[in-house]
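In case you want the letters, here they are:
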Amino acid sequence: MSLNSVCLWLGCSLISSFLLSKATQKKKHARNPPLRIALLGFGSINGDVGKAIQSSSHGLDKDRVVLVKVLVRSKGVGREGNLFTTSFDALMAAKPDVIVEAAGQPSIRQYGVKILQKCELIITSIGALTDDSVKNSLISTAEESNTRIHLASGAMPALDWMHASSLGGGIQSVQVEQRKPPKSWLGACVTGDTLDFNSLQQDATVFEGNSREAASLFPKNANVSAMLGLSTVGLDKCSVKLTATLGDFGTIVTYIGEAGSLEVKTNGKQSKTNPKTSAVVPLAVIKAIKNMTSVVVIGA
């Protein structure tokens, strides 16, 4: 081989190695495609979630998460364009990676299994899982489809601590009192209101029982009690008190277990658009999405 041929071969080899190295580096540092989010419902919860995704606010990165479709009962002001649909088939045709449910317990019964056959599901209407047949069908579908069910922590404080503690067993007591102003309870009970919430002059007990009963009877108000029961001692052993209060809106939780005990009280704020919902609930969903898309996961 002549000297010129050797130089040409060596030069081509060096260039090829350089280009291969750059391509490998580019592939190594390439980001995953953005997480495709769809919303089931667009009320006080998902309205805030959708705005956060589209504006890349609340710590969400537009390069890591994108809103692809929103299922609503009907279109109207603020729901124009191709983003919104009244068709469940169109929602699924958008090929979301995750669907956020904030449309009430009936939507879980209607769409939960179909969603989990194709993608992951974030549930805010936790009370739907008080029906064991619904819960078991969702779990079995997720197992078969290799998808996951994410239960939003919602307005329940200290959930990470209590759930971790409960894994060690030895739980002695789990109690929660949800305190909301009278107007939050209007029309809240599926069996009909027994108190005159418009004329209360002092705090009144709306319900006392366990979390399965509470979330079943008060599907729009007591989802957090179901979340607490499912994550700790079980739905039938978690004690719940629902109170119509003229004082602070919030939650009082008491947990006693082998790994420790906890007492926590929150003074929260109501959603500006729905008095039955805490203002922190959409933020809890946004946190879940942030954890799915961020390099650093807080509260894993």
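Rules used throughout
Residues numbered from 1 in each chain as written. Predicted model: local features only at pLDDT ≥ 70, side-chain atom pairs only at ≥ 80, totals over all residues. Heavy atoms only, no water. Pairing = 2+ DSSP bridges. Helix = DSSP H or I, 4+ residues; strand = E, 2+ residues; numbered from the N terminus. Axes fitted to C-alpha atoms, helices over the stretch in contact; angles between N-to-C directions. Contact = heavy atoms within 4.5 Å. Expected span 1.5 Å × (residues − 1). Buried < 20%, exposed > 50% of the residue type's maximum accessible area, 1.4 Å probe, protein only. Arc of directions from axis to C-beta. Parallel < 35°, antiparallel > 145°, perpendicular 65-115°, else oblique. Left-handed = near helix turned anticlockwise from the far one by under 90°. Patch = residues over 30% accessible without salt bridge, like charges linked within 9 Å, V, L, I, M, F, W, Y side chains within 5 Å. Areas by Shrake-Rupley, 256 points an atom, 1.4 Å probe, with all protein chains shown as cover. Salt bridge = Lys/Arg side-chain N within 4 Å of Asp/Glu carboxyl O. Phe/Tyr/Trp six-rings, centres within 6.5 Å; stacked < 30°, edge-to-face > 60°. Lys NZ or Arg CZ within 6 Å of the ring centre and 35° of its normal.

## Details of the sheet that holds strand S11 (residues 260–267)
In space, the five strands of this open sheet follow the order S8-S9-S7-S10-S11, with mixed pairing throughout. The two strands at the open ends of the sheet, each matched to only one other strand, are strand S8 (204–210) and S11. Sheet twist, expressed as the average angle between the axes of neighbouring strands with direction ignored, equals 10°. Relative to the sheet, helix H9 (residues 223–231) contacts strand S7 (173–180), strand S9 (239–244) and strand S10 (250–257), its axis offset from that of S7 by approximately 170°.

## Observations concerning helix H4 (residues 105–116)
Its 12 residues give H4 an end-to-end C-alpha distance of 16 Å, which sits within 8% of 16 Å, the value for a rise of 1.5 Å per residue. Burial in H4 covers these residues: Gln105, Ser107, Ile108, Tyr111, Gly112, Ile115 and Leu116. Viewed along the axis of H4, the buried residues span an arc of 140°, placing them on a single side of the element.

## Points about the pairing of S10
The side chains of a regular strand alternate, residue by residue, between the two faces of the sheet. Pairing between S7 and S10: seven bridges, direction antiparallel. Bridging across to S10, Val174 finds its partner in Tyr255. Judged from the eight bridges that link them, S10 and S11 form a sheet pairing that is antiparallel. When the bridges of S11 are listed, Ile252 appears paired with Lys265. Taken together, S10 and the strand that follows it, S11, pair antiparallel across an intervening segment of two residues.

## With respect to the packing of H4 against helix H5 (residues 132–145)
Pairs of packed helices are described in terms of their axes, by the angle between the two and the distance that separates them. As a packed pair, H4 and H5 sit with axes 8 Å apart at the nearest point and diverge in direction by 15°. Considering the angle they form, H4 stands roughly parallel to H5. For the pair H4 and H5, the sense of crossing is left-handed. Each of Ile108, Arg109, Gly112, Val113 and Leu116 in H4 lies in contact with H5, whose residues at this interface are Val134, Ser137, Leu138, Thr141, Ala142 and Ser145.

## Looking at a nonpolar patch on the surface
Where nonpolar side chains cluster on the molecular surface, the patch consists of Val295, Val296 and Ile298 and spans about 340 Å² of accessible area. Mapping Val296 onto the fold places it in the segment after helix H10 (281–293). Classification of Val296 by relative accessible area gives exposed; the value is 57%.

## Here's the deal with the sheet that holds strand S3 (residues 84–85)
Read from one edge to the other, the open sheet built from six strands follows the order S3-S2-S1-S4-S5-S6, with strand pairing classed as parallel. The open sheet has two edge strands with one neighbour each: S3 and strand S6 (149–151). For strand S4 (residues 98–101) and strand S5 (residues 120–123), the ladder comprises four bridges, and the chain directions are parallel. Of the residues in S5, the one forming a bridge with Ile99 is Leu121.

## Considering the packing of aromatic side chains
In total, this model carries five aromatic pairs according to the counting rule given. Each ring, one from Phe42 and one from Phe84, has its centre 5.0 Å from the other, and the planes form 80°; the classification is edge-to-face. Taken together, the residues Phe42 in the loop between strand S1 (35–40) and helix H2 (44–55) and Phe84 in strand S3 connect sequence positions 42 residues apart. Ring-pair connections join several aromatic residues into one group, and the members of that group are Trp185, Phe207 and Phe218. Over the ring of Trp185 we find Lys180, and its NZ or CZ is 5.9 Å from the ring centre.

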